[in-house]
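Observations on the model geometry
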Amino acid sequence: MPSRHVVQPGDCIESIALAHGFFPDTLWEHPENAALRASRDNPHVLMPGDIVHIPDLRAKEVEAKTGRVHRFRRRGVPARFRLVLERDGEPRANVHYVLEAHRRITGVTGKDGVIDHFIPPDLALVVLRIGPSETYEIRLGQLLPVTDEGGVRARMQNLGYPLPEDGDDEPEAMQKRRKRAVIRRFQRDHGVALTGVIDDATRQALLDAHGS
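Okay, so let's go over this structure. Everything numeric in this text was worked out from a predicted model, so none of it was measured.

Counted by the stated rule, this structure contains nine salt bridges. A salt bridge links glutamate 149 to arginine 153; the shortest N-O distance between them is 3.8 Å. Of this pair, glutamate 149 and arginine 153 both sit in helix H4 (residues 149-158), four residues apart, which is roughly one turn of the helix. A cluster of three or more residues bridged by salt bridges with shared partners is formed by Arg80, Arg82 and Asp116.

As structure tokens, then:
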């Protein structure tokens, strides 16, 4: 019978669909998930506590002769891991890297600095190694929507505009000034009006620059 899945940290439509035996698009486009689509325009970026409707699986019948061994293979839809390496706003081209995912993947970035591979939908962590001194742990499915403060902070951090942490050992007024300065720097670099606050135009610029 139909059920409801409560989104947990690390979940996305691809991992939820895999766990319940569906293709991601089938689950995301189901009429019962229309409200979720309206509030989360990206199926890869869900909020813990979101509700995903899980419909009944439809039985499929196939003909098979008795007395023989038959193999049935479940079709899977891999997820796509895509990352752009930059330094000082410029792509890092011709960089040798190792990606520790479901298997060890080696590669070299092109002129656009892109790393692009298919991975299992339910993979929770990949480790990126660049040379002998750079190691990055990338936790998948943890990015919050850009409407959430945590989602804004994570995207700013990933793009090289780290916001001061709440509770830093400095006067509140100074912390607010530093936060406005970082936001204005992002706005200036991305052609957004210099308001110093995270407004709708800045959120859209964050989505465009971050890619999700």
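The backbone of asparagine 94 shows a phi angle near 60°, a positive value even though the residue is not glycine. Along the chain, the position of asparagine 94 falls in the loop between strand S5 (90-91) and strand S6 (96-100).

It is the contact of H4 with helix H6 (residues 200-210), at a shortest axis distance of 10 Å, that shows an interaxial angle of 50°. Comparing the axis directions of H4 and H6 gives the class oblique. Here the hand of the crossing between H4 and H6 comes out left-handed. The residues of H6 that touch H4, namely those facing Val152, Arg155, Met156 and Asn158, are Arg203, Leu206, Leu207 and His210. The residue inventory of the contact of H4 with H6, partitioned by class, reads four nonpolar, two polar and two charged.

Moving on: the layout of surface pockets. By volume, the largest pocket is sized at about 1,800 Å³. If you go around the largest pocket, you meet 49 residues; those closest to its centre are Arg82, Leu83, Ile138, Asn158 and His210. Those elements that provide at least two residues to the lining of the largest pocket are helix H1 (13-20), strand S3 (79-84), strand S4 (86-87), strand S9 (125-130), strand S10 (134-139), H4 and H6. When residues of the lining of the largest pocket are assigned to their parent elements, the largest contribution, six residues, is made by S3.

Quick look at the packing of aromatic side chains now. The description of an aromatic ring pair uses the distance of the two centres, along with the angle that the planes make with each other. Throughout the structure, instances matching the rule amount to one aromatic pair. Both rings, one in tyrosine 161 and one in phenylalanine 186, keep their centres 5.3 Å apart while their planes meet at 90°; by these two values the pair is edge-to-face. Note that tyrosine 161 is positioned in the loop between H4 and helix H5 (172-189) and phenylalanine 186 in helix H5, a separation of 25 residues in sequence. A residue is classified by how much of its surface remains accessible, and phenylalanine 186, at 0% relative accessible area, is buried.

Here we come to the environment of proline 120. In this fold, proline 120 is placed in the loop between strand S8 (114-119) and S9. The partly exposed category is assigned to proline 120, whose relative accessible area is 24%. Considering only alpha carbons, one finds proline 120 and arginine 185, 65 residues apart in sequence, at a separation of 37 Å. Filtering out sequence-adjacent residues up to four positions away, proline 120 remains in contact with Ala79 and His102.

With that out of the way, let us pick up the side chain of arginine 40. Within the element layout of this structure, arginine 40 appears in the loop between helix H3 (34-39) and strand S2 (51-54). Residue classification places arginine 40 among the buried residues on the basis of a relative accessible area of 15%. Polar contacts involving the side chain of arginine 40 include one to the side chain of aspartate 50, which spans 2.8 Å. Setting aside its immediate chain neighbours within four residues, arginine 40 contacts Trp28, Val45, Leu46, Met47, Asp50, Pro145 and Thr147.

The strand order across the open sheet built from four strands is S7-S6-S9-S10, with neighbouring strands paired in antiparallel fashion. Each having just a single partner strand, strand S7 (104-108) and S10 make up the two edges of the open sheet. Sheet twist, expressed as the average angle between the axes of neighbouring strands with direction ignored, equals 20°. With four bridges connecting them, S6 and S9 associate as antiparallel partners. Residue valine 98 lies in a different strand from S9, and its bridge partner there is arginine 129.

About the criteria used
Residues numbered from 1 in each chain as written. Predicted model: local features only at pLDDT ≥ 70, side-chain atom pairs only at ≥ 80, totals over all residues. Heavy atoms only, no water. Salt bridge = Lys/Arg side-chain N within 4 Å of Asp/Glu carboxyl O. Helix = DSSP H or I, 4+ residues; strand = E, 2+ residues; numbered from the N terminus. Axes fitted to C-alpha atoms, helices over the stretch in contact; angles between N-to-C directions. Parallel < 35°, antiparallel > 145°, perpendicular 65-115°, else oblique. Left-handed = near helix turned anticlockwise from the far one by under 90°. Contact = heavy atoms within 4.5 Å. Nonpolar A, V, L, I, M, F, W, Y, C, P; charged D, E, K, R; others polar. 1 Å grid on protein atoms, 1.4 Å probe; cavity = no way out; pocket = protein on both sides within 12 Å on 5 of 7 lines; lining within 4 Å. Points joined across faces, edges and corners; volume = space filled by probe spheres on them. Phe/Tyr/Trp six-rings, centres within 6.5 Å; stacked < 30°, edge-to-face > 60°. Buried < 20%, exposed > 50% of the residue type's maximum accessible area, 1.4 Å probe, protein only. Polar contact = N/O pair within 3.5 Å; in protein donor to acceptor, adjacent residues only side chain to side chain. Pairing = 2+ DSSP bridges.

Taken by themselves, the reported measurements are silent on function.
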